[in-house]
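Reading the structure
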Amino acid sequence: MRNKTCGELRASAISANVQLCGWVDRRRDHGGVIFIDLRDRSGTIQITVDPDQGQDLFRIAESLRNETVLQINGLVRARPDEAINTKIPTGEVEVLAKNIKILNSVTSTLPFSVSIHDEESVKEEIRLRHRYLDLRRERMNNNLRLRHSTVKAARSFLENEGFIEVETPILTRSTPEGARDYLVPSRVCGGEFFALPQSPQLFKQLLMVGGVERYYQVARCFRDEDLRADRQPEFTQLDIEMSFMEEKEIIELNERLIVNIWKKIKGIDLQTPFPRMTWQEAMDRFGTDRPDTRYGMELVNTSDLFSKSGFKVFSNAISSGGCVKCITIEDGNNLISNVRIKPGGDIFSEAQKAGAGGLAFIRVRDDKEVDTIGAIKDNLTTSQIKELLLKTQAKPGDLILFGAGPTNIVNRTLDRVRQFIAKDLKIISDKELKTQWNFLWVTDFPMFEFNSDENRLEAIHHPFCAPKPEDIGESESLWKDKLPNSNAQAYDLVLNGLEIGGGSLRIHNSELQKTVLEVIGLSKNEAEEQFGFLIDALSMGAPPHGGIAFGLDRIVMLLSNEDSIRDTIAFPKTQQARCSMAKAPANVENKQLEDLHIASTWIDPESIDRN
């Protein structure tokens with residue numbers, strides 16, 4: 001239907017007869033001559049319709065609406081010097097139309113403009129409902145191309161390193177991995193269910209047992225969890241696993257992978273090795289295991305200063321096993337009012353959302369004088385004030401915000417407040433956001449954390465991470481006692497405050513794996529029922545192995561400078577986990593449920609309210 005694409009025509013094509021296909025991006029009538037900007041995925045070209053070529057041709061051009069699908073035959077010619085458009089690659093040439101064929105007309109009212117000349121701001125709800133139109137827009141077209149190029153760069157690198165791509169099952173069994181599983185009822189095996197994989201974790205380990213040694217996969221994963229801008233119920237991982245490699249070797253290889261992607265996609269030479277920070281240091285300094293290191297405002301522990309203070313909010317928090325930490329906002333006296341920190345204020349609200357009762361604060365007036373609302377100042381001696389200012393490096397004009405209570409809540413609160421203030425005060429400008437890439441490896445995660453709701457330990461990453469050998473020793477009889485306080489051979493790659501990948505060395509000893517499952521509360525029967533196939537495999541000569549999984553959607557979001565992964569996915573779900581376009585999920589016929597041996601117990605809450 002065409003012998004050229006719209007975006008490839010240059011001065012070298014002058015005098016060529018071409019046949020093009022595309023959409024009408026816009027039509028301009030200049031009193032006797034009509035100009036059509038014809039668009040396909042490669043770009044746009046100006047089509048000139050001259051009445052000298054025939055009145056029938058001219059009448060067709062006059063009738064065209066935006067987004068009409070055309071086939072055009074014409075002659076490539078140079079634009080007059082005064083008409084050259086330097087803003088587009090095809091701006092030196094135009095096509096004089098000899099024939100226009102309408103392949104499909106637009107018969108409905110467009111819900112929004114698709115034209116590159118009028119890319120208006122459109123509510124996401126409308127964009128997702130008409131995603132097929134949204135994908136025609138230059139922004140989305142570029143994002144999908146960038147995604148493709150990112151996957152292509154990753155595949156090329158990994159294949160050059162000896163990895164092979166292997167697909168793993170989509171229908172598998174439900175196992176406890178943190179988030180809820182999406183379940184699929186079986187028609188053939190009545191009363192039984194498949195689960196959609198949260199990750200290919202067990203299968204990629206079995207591939208290592210199977211001697212594959214170097215595996216990768218662009219894997220679809222599914223988690224039934226609450227959504228946000230960088231989370232979807234179905235998402236894509238770049239999944240990698242390898243045998244006979246130590247942690248430092250895995251990290252080095254994956255650094256080279258990331259360097260390769262950034263070079264191919266952004267033309268940027270990243271410096272290696274990337275900085276590293278232990279989990280404990282990240283929590284101490286930033287209150288999170290995915291710190292944004294592009295700016296300061298680091299957390300400072302002032303518990304020793306306030307442990308015997310008369311300010312009971314602080315001293316009681318410390319005596320109860322908690323802590324007092326603070327962050328310092330440079331020039332905060334001028335930038336942040338009391339109203340914002342006190343109840344009802346936006347900063348106070350951020351602290352509450354993190355679980356805190358509020359924030360205490362001190363305003364630094366000069367090198368010796370501080371000011372605060374409440375009892376902090378009255379319970380600080382001159383020497384304590386001096387020590388506080390030394391610890392926090394606060395200067396006159398700065399604002400110090402305090403969190404007090406259980407350490408996990410204090411960390412979570414100050415991390416949230418720190419990020420909120422950094423955005424609010426534009427500490428990182430929009431320009432810097434697009435040009436600064438602060439990669440960071442976070443290592444040495446604890447193996448477990450305590451789940452107070454279920455009164456048990458649970459794995460921070462997953463229960464297949466290998467503990468550090470020095471933490472558990474060689475005596476199997478002591479593993480159960482030592483594991484709860486051990487660290488994992490685990491590592492996350494963080495970029496500008498977002499985790500883009502996480503991995504670990506895996507347990508390849510069947511007895512150690514059984515002990516870990518016991519520590520997280522699984523009985524021997526439960527462990528055998530849920531993970532028996534893995535334990536059996538590990539007992540049959542499993543090699544040492546490890547790997548990593550990168551969030552492909554999140555990487556593309558960062559590379560494309562988008563704020564949401566939904567703008568990097570062709571057909572994403574909304575924050576309510578719905579597809580607005582296909583109107584899924586939806587009700588099904590009772591016959592389909594009967595075939596699957598299930599029935600729905602759902603009752604519409606609105607019908608209850610009406611009754």
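Refer to the structure printed above.
So, here is what we can say about the structure in this document. Model, not experiment: these values are computed from the prediction. (Residues numbered from 1 in each chain as written. Predicted model: local features only at pLDDT ≥ 70, side-chain atom pairs only at ≥ 80, totals over all residues. Heavy atoms only, no water.)

A few words on the overall build of the protein. Within the protein, the secondary structure is distributed over 22 helices and 22 strands. Along the longest, intermediate and shortest principal axes, the C-alpha atoms of the protein span 95 × 70 × 65 Å. Relative to its 611 residues, the protein shows a buried fraction of 47%. In the protein, of all internal contacts separated by at least 6 residues, the share reaching a separation of at least 24 is 67%. Per element, the accessible surface of the protein, about 30800 Å² overall, is 48% carbon and sulfur. Within the protein, one finds 78 positive and 91 negative side-chain charges whose respective centroids are separated by 4 Å. (Helix = DSSP H or I, 4+ residues; strand = E, 2+ residues; numbered from the N terminus. Buried < 20%, exposed > 50% of the residue type's maximum accessible area, 1.4 Å probe, protein only. Contact = heavy atoms within 4.5 Å. Areas by Shrake-Rupley, 256 points an atom, 1.4 Å probe, with all protein chains shown as cover. Lys, Arg positive; Asp, Glu negative; His and termini not counted. Charge placed at Lys NZ, Arg CZ, Asp CG, Glu CD.)

Cis geometry is adopted by the peptide bond preceding Pro 273, which originates at Thr 272 and carries an omega value of 0°. Within the secondary structure, Pro 273 sits in the loop between α6 (247-266) and β11 (276-278). Residue Ala 584 is joined to Pro 585 through a cis peptide bond whose omega torsion reads 0°. Of note, Pro 585 is situated in the loop between α20 (552-559) and α21 (590-595). Located in the positive-phi region is Asp 331, a residue other than glycine, with phi close to 60°.

Tracing the chain through its elements places Asp 134 in helix α3 (residues 131-134). Judged by relative accessible area, which is 0%, Asp 134 ranks as buried. In the structure, Asp 134 is positioned 457 residues away from Lys 591 in sequence and 36 Å away in space, judged by C-alpha atoms. For Asp 134, the residues in contact, after removing those within four places along its chain, are Phe 112, Arg 127 and Met 140.

Taken together, the side chains of Ile 170, Leu 171 and Phe 194 make up a nonpolar region of the molecular surface, amounting to roughly 250 Å² of accessible area. Tracing the chain through its elements places Ile 170 in the loop between β6 (164-165) and β7 (183-185). (Patch = residues over 30% accessible without salt bridge, like charges linked within 9 Å, V, L, I, M, F, W, Y side chains within 5 Å. Salt bridge = Lys/Arg side-chain N within 4 Å of Asp/Glu carboxyl O.)

Take the pairing of strand β13 (residues 323-329) next. Burial within β13 is extensive, with seven of its seven residues counted as buried. Both faces of β13 are covered, namely the face carrying Cys 323, Lys 325, Ile 327 and Ile 329 and the face carrying Val 324, Cys 326 and Thr 328. Relative to β13, strand β12 (residues 300-301) runs antiparallel, the two being bridged by two bridges. Directly across from Val 300, in β13, lies its bridge partner Cys 326. In the sheet, β13 pairs with strand β16 (residues 399-405) via seven bridges, with the strands oriented antiparallel. When the sheet's bridge partners are listed, Ile 329 is paired in β16 with Leu 399. (Pairing = 2+ DSSP bridges.)

Another aspect to go through is the packing of helix α18 (residues 510-519) against helix α19 (residues 524-538). Two numbers describe how α18 lies on α19: the axes approach to 9 Å, and their chain directions differ by 160°. If you check the angle between α18 and α19, you find them roughly antiparallel. In this structure, α18 crosses over α19, and the sense of that crossing is right-handed. Residues Ser 510, Gln 513, Lys 514 and Leu 517 of α18 form the contact with α19, whose own contacting residues are Ala 527, Phe 531, Leu 534, Ile 535 and Leu 538. Of the residues contributing to the contact of α18 with α19, the split by class is six nonpolar, two polar and one charged. (Axes fitted to C-alpha atoms, helices over the stretch in contact; angles between N-to-C directions. Parallel < 35°, antiparallel > 145°, perpendicular 65-115°, else oblique. Left-handed = near helix turned anticlockwise from the far one by under 90°. Nonpolar A, V, L, I, M, F, W, Y, C, P; charged D, E, K, R; others polar.)

In this section: the pattern of salt bridges. Following the criterion strictly, the structure yields 45 salt bridges and no others. Residue Lys 468 is joined to Asp 444 by a salt bridge in which the shortest nitrogen-to-oxygen separation is 3.1 Å. Residue Lys 468 is found in the loop between β19 (456-459) and α16 (469-472), and its partner Asp 444 is found in the loop between β17 (439-443) and β18 (448-451); the two are separated by 24 residues along the sequence. The network of salt bridges with common partners includes Arg 127, Arg 131, Asp 134, Arg 137, Arg 139, Glu 562 and Asp 567.

Once that is clear, we can look at the nonpolar core. Counting 69 residues, the largest nonpolar core has Ile 240, Trp 262, Phe 439 and Phe 550 as the members making the most contacts within it. Looking at this core, the element that brings in the most residues is α6, giving seven residues. Apart from residues no more than four positions distant in its own chain, Phe 439 is found in contact with Ile 258, Trp 262, Leu 270, Phe 274, Pro 275, Leu 493, Val 494, Leu 495 and Ile 500. Core analysis: the second largest hydrophobic core is formed by 23 residues, Leu 20, Ile 34, Phe 58 and Val 93 among them. (Core = buried A, V, L, I, M, F, W, Y, C linked by side-chain atoms within 4.5 Å.)

Let us look at the pairing of strand β22 (residues 545-551). Most of β22 sits out of view: six of its seven residues are buried. Judged from the seven bridges that link them, strand β10 (residues 234-243) and β22 form a sheet pairing that is antiparallel. Paired with Gln 237 across the bridge in β22 is Gly 551. Bridging between strand β21 (residues 498-505) and β22 involves five bridges; their strand directions are antiparallel. Following the sheet pairing, Leu 505 is matched in β22 by Gly 546.

If you trace the five strands once around the closed barrel, you get β1-β2-β3-β5-β4, paired in mixed fashion. The mean angle between the axes of side-by-side strands here comes to 55°, regardless of whether they run parallel or antiparallel. In this sheet, strand β4 (residues 69-78) lies alongside strand β1 (residues 17-29) in antiparallel orientation, the contact comprising seven bridges. Directly across from Trp 23, in β4, lies its bridge partner Val 69. In this fold helix α1 (residues 55-63) packs onto β1, β2 (34-40), β3 (43-49) and β5 (93-104), with an angle of close to 75° to the strand it touches most, β5.

A separate point is helix α9 (residues 312-319). In an α-helix, one full turn covers 3.6 residues, which means residues spaced three or four apart are oriented alike. Residues Phe 314, Ser 315, Ala 317 and Ile 318 constitute the buried set of α9. Seen from one end, α9 has its buried residues packed into an arc of 160°, which puts them on one side. Counted as exposed and oriented over 90 degrees from the buried face of α9: Lys 312, Val 313 and Ser 319. Elements in contact with the buried residues of α9: α8 (303-306), β13, β14 (360-364) and β16. (Arc of directions from axis to C-beta.)

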